[in-house]
Amino acid sequence: MIFVTAFFLVPLHQIQIKSMSKAKKIALLLLFVSILPTFSFAGEPDPTDELARPANLAAFDEANSEFEALFNVTGDQIIDKARQYLGRPYRRGSMGPSSFDCSGFTSYVYKSLNIRLGRSSRDQWREGLSVDRSDVHVGDLVFFGSSQRIGHVGIVCEVEDDGGFKFIHASCSNGITISDIDEHYYSRLYRGLRRIIE
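Numbering of residues starts from 1 in every chain and runs along the sequence as written. Only residues with pLDDT of 70 or above have their local features reported here, since the model is predicted, and side-chain atom pairs are shown and tallied only from 80 upward, although totals for entire chains, interfaces and linings are computed over all residues. Only heavy atoms go into the side-chain values, all of them from the structure, while hydrogens and water stay out.

> Can you lay out the confidence of the model for the protein for me, pointing to particular residues and giving the numbers?
Regions with low pLDDT carry predicted coordinates that are not meant to be interpreted in detail. Summing up the model confidence of the protein, the mean pLDDT is 80 and the portion of residues at 70 or higher is 68%. Across residues 1-23, where pLDDT falls below 50, the model places 15 contacts with residues more than four positions away in sequence or in other chains. On a range of 0 to 100, pLDDT expresses the predictor's confidence in each residue. Any two residues whose heavy atoms approach within 4.5 Å at even a single point are treated as in contact. Within the model, pLDDT remains below 50 along residues 38-43, and this stretch shows one contact once partners closer than five positions in the same chain are excluded.

Written out as structure tokens, the structure reads:
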């Protein structure tokens, strides 16, 4: 504390920044950055301040948790969660857990691991990064539809050595099931892959 007090008593024009080594400049910057919050939060919080409200702190914690999940959740964790719902029925507009539609299923599985996805397959098609089929990973989202619109989504659950893969999804006829990308119906409607997690 004495060093910090002494530092602020030295007039700024006496600090020779140009002649300092790079390491000393970095140390000085780190010292300044570590002291700054002390001055910023020294007083009582203003109850009208948006950051002082618990709801906003909860939103911050939720966003931070989601950010961490994007880098820490694995494809295998996603598939372990998804497999728990095998056999559940398909119901249009349903988001689980007793029944699902296709995008309701993908968003439910990802949300259970702290990752939010858009509600529709078209919304999810705009999320994450586009992935080439030769680089498919377990946990990637796979999309199907016509050339005009996306109409179905699933989650890649197995990648084969020959470049093929299987995906888990909410099928209209079979509910939550696993299908192969090489099945004629899916291969002709395949539109692409998106990666949500790193």
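Now that the structure is up, let's keep going.
> Explain the layout of surface pockets to me, and be specific about the residues and the numbers.
Approximately 490 Å³ is the volume found for the largest pocket. In this analysis the probe radius is 1.4 Å and the grid spacing 1 Å, with only protein atoms considered; a cavity is a set of points the probe fits into but cannot get out of, a pocket is an open set with protein on both sides within 12 Å along at least five of seven lines, and lining residues have an atom within 4 Å of a point. Lining of the largest pocket is provided by 23 residues; of these, Tyr 90, Cys 102, Gly 151, His 152 and Cys 172 occupy positions nearest its centre. Under the scheme used here, helices are H or I runs from DSSP no shorter than 4 residues and strands are E runs no shorter than 2 residues, and both carry numbers assigned from the N terminus. The set of elements that each furnish at least two residues to the lining of the largest pocket consists of helix H5 (102-111), helix H6 (121-125), strand E2 (141-145), strand E3 (150-159), strand E4 (165-171) and helix H7 (184-189). Think of it as three bins: nonpolar holds Ala, Val, Leu, Ile, Met, Phe, Trp, Tyr, Cys and Pro, charged holds Asp, Glu, Lys and Arg, and polar takes everything else, Gly as well. Here the residues of the lining of the largest pocket sort into nine nonpolar, ten polar and four charged. Grid points are joined across faces, edges and corners, and a volume is the space filled by probe spheres set on the points.

> Quick one: what's the story with the nonpolar core, residue by residue and with numbers?
In terms of nonpolar packing, the biggest core is built from 25 residues, with Ile 78, Phe 105, Tyr 110, Leu 141, Ile 155 and Ile 168 touching the most fellow members. At the level of secondary structure, the elements contributing two or more residues to this core comprise helix H4 (75-83), H5, E2, E3 and E4. Discounting residues that sit within four places of it in the chain, Ile 168 has contacts with Ile 79, Ala 82, Arg 83, Leu 86, Phe 105, Gly 154, Ile 155, Cys 157, Ile 176, Thr 177 and Ile 178. In this structure, Val 131, Val 156, Phe 167 and Ile 181 belong to the second largest nonpolar core, which totals ten residues. What we call a nonpolar core is a set of buried Ala, Val, Leu, Ile, Met, Phe, Trp, Tyr and Cys residues that are connected through their side-chain atoms within 4.5 Å. Summary of the burial criterion: residues with accessible area below 20% of their type's maximum are buried, those above 50% are exposed, and those between are partly exposed, where the area comes from a 1.4 Å probe applied to protein chains only.

> Any details on the pairing of E4? Residues and values, ideally.
Burial within E4 is extensive, with six of its seven residues counted as buried. As paired strands, E3 and E4 are joined by four bridges and run antiparallel to one another. For Val 159, the partnering residue across the bridge sits in E4 and is Phe 165. At least two bridges found by DSSP between two strands are what make those strands a pair. The loop that links E3 with its antiparallel partner E4 comprises five residues; one of these, Gly 163, has a positive phi angle of about 95 degrees. Bridge analysis of E4 against strand E5 (residues 175-180) gives six bridges, and the strand direction is antiparallel. Within the sheet, the bridge partner assigned to His 169 lies in E5 and is Thr 177.

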